[in-house]
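Close look at the chain arrangement
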Amino acid sequence: MIEPRSRTPGTIDREIPSSLNQLYQEVILDHYRKPRNKGHLDEATHVITMNNPLCGDVIELMLRVEGGSIAEARFLGRGCSISQASASMLTGRVLGKSLEQALEISGKFTHLLHGDGAMLSDDDLGDLRTLAGVSKFPVRIKCALLAWNCLEELGDATDEDSGSG
């Protein structure tokens, strides 16, 4: 008799089905080969560059915020397919959102990559849920989170600016 594997409730099973693995790979490759919103943003109101010194990934995230909403999001960068695909997906996911809403999505995405299985059913994440497979590779989590860390830093800087009055 095969014993069931013990799992912590609410965590993503590290044994992802091959069909999901294939989807995960296709989405990453699509965004890597045909990145969305990649390029310089002349009218950016928020810009930050971060790197992952362990693997050499670099992301520059640029946002144009108007009337409290992200009107445009672009990125520049180089690195592995995961970091570039994640940045591409970020720029599409935050459009039209307030910075606060974008930061909420960022928090949920971070939880997803750290194995929180409840995030797989969260519609706020949309296509980002296909990156759940990154949780199988702990060293790649930093790659997937690099652009999102940029967003978090921008949010922190905005909070500090608005709090100093």
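Refer to the structure printed above.
Summarised in this report is the structure supplied together with it.

What counts as what
- Residues numbered from 1 in each chain as written.
- Predicted model: local features only at pLDDT ≥ 70, side-chain atom pairs only at ≥ 80, totals over all residues.
- Heavy atoms only, no water.
- Helix = DSSP H or I, 4+ residues; strand = E, 2+ residues; numbered from the N terminus.
- Buried < 20%, exposed > 50% of the residue type's maximum accessible area, 1.4 Å probe, protein only.
- Contact = heavy atoms within 4.5 Å.
- Areas by Shrake-Rupley, 256 points an atom, 1.4 Å probe, with all protein chains shown as cover.
- Core = buried A, V, L, I, M, F, W, Y, C linked by side-chain atoms within 4.5 Å.
- Pairing = 2+ DSSP bridges.
- Axes fitted to C-alpha atoms, helices over the stretch in contact; angles between N-to-C directions.
- Lys, Arg positive; Asp, Glu negative; His and termini not counted.
- Salt bridge = Lys/Arg side-chain N within 4 Å of Asp/Glu carboxyl O.
- Polar contact = N/O pair within 3.5 Å; in protein donor to acceptor, adjacent residues only side chain to side chain.
- Expected span 1.5 Å × (residues − 1).

Here we take up the overall build of the protein chain. In terms of regular secondary structure, the protein chain is built from four helices and three strands. Counting from the amino terminus, helix and strand elements in the protein chain follow one another as α-β-β-β-α-α-α. Residues counted as buried form 40% of the 165 residues belonging to the protein chain. Partitioning the intrachain contacts of the protein chain with sequence separation of at least 6 by distance along the chain shows that 59% fall at a separation of at least 24. Accessible surface for the protein chain amounts to roughly 8900 Å². Of this, 50% is attributable to carbon and sulfur atoms.

Another aspect to go through is the nonpolar core. Counting 39 residues, the largest nonpolar core has F109, L131 and L151 as its most contacted members. Listing elements by their share of this core, those giving two or more residues are helix 1 (18–33), strand 2 (57–66), strand 3 (69–78), helix 2 (81–93), helix 3 (99–113) and helix 4 (138–163). A per-element tally of this core places helix 4 first, with ten residues. With near-sequence residues (within four places) excluded, L131 lies in contact with Y24, I28, S86, M89, F109 and L113.

Relative to the helices and strands, S81 is located in helix 2. By relative accessible area, S81 is classed as partly exposed at 23%. Other than its neighbours up to four places away in sequence, S81 contacts I28 and Y32.

Reading across from one edge, 1-2-3 is the order of the three strands in this open sheet, with antiparallel pairing throughout. A single partner strand is all that each edge strand has here, and the edge strands are strand 1 (46–52) and strand 3. Here the strands of the sheet are splayed against their neighbours by 15° on average, with no regard to which way each runs. With seven bridges connecting them, strand 1 and strand 2 associate as antiparallel partners. The partner of H46 across the bridge, within strand 2, is L63. Contacting strand 2 and strand 3, helix 2 crosses the sheet at an angle of about 165° to strand 3.

Among the secondary structure elements, D57 is positioned in strand 2. No salt bridge is formed by the buried D57; its nearest oppositely charged neighbour, R140, is found at 5.9 Å. For D57, the side chain forms a polar contact with the side chain of S83, separated by 3.4 Å.

Take helix 3 next. With 15 residues, helix 3 extends 21 Å between its outermost C-alpha atoms, agreeing within 8% with the 21 Å of an ideal straight helix rising 1.5 Å per residue. In the stretch just after helix 3, G115 is the one whose phi turns positive, near 100°.

Quick look at the pattern of salt bridges now. Summed over all chains, the structure comprises seven salt bridges. K108 is the salt-bridge partner of D122, the closest N and O atoms lying 3.1 Å from each other. Of this pair, D122 sits in the loop between helix 3 and helix 4 while K108 sits in helix 3, and the two are 14 residues apart along the sequence. By relative accessible area, which is 16% here, D122 ends up buried. The salt bridge partner of D124 is K108, with a shortest N-O separation of 2.6 Å. Highlighted residues: D124 in the loop between helix 3 and helix 4 and K108 in helix 3, separated in sequence by 16 residues. Accessibility expressed as a relative area gives 36% for D124, which makes it partly exposed.

By themselves, these observations are geometric and do not establish any function.
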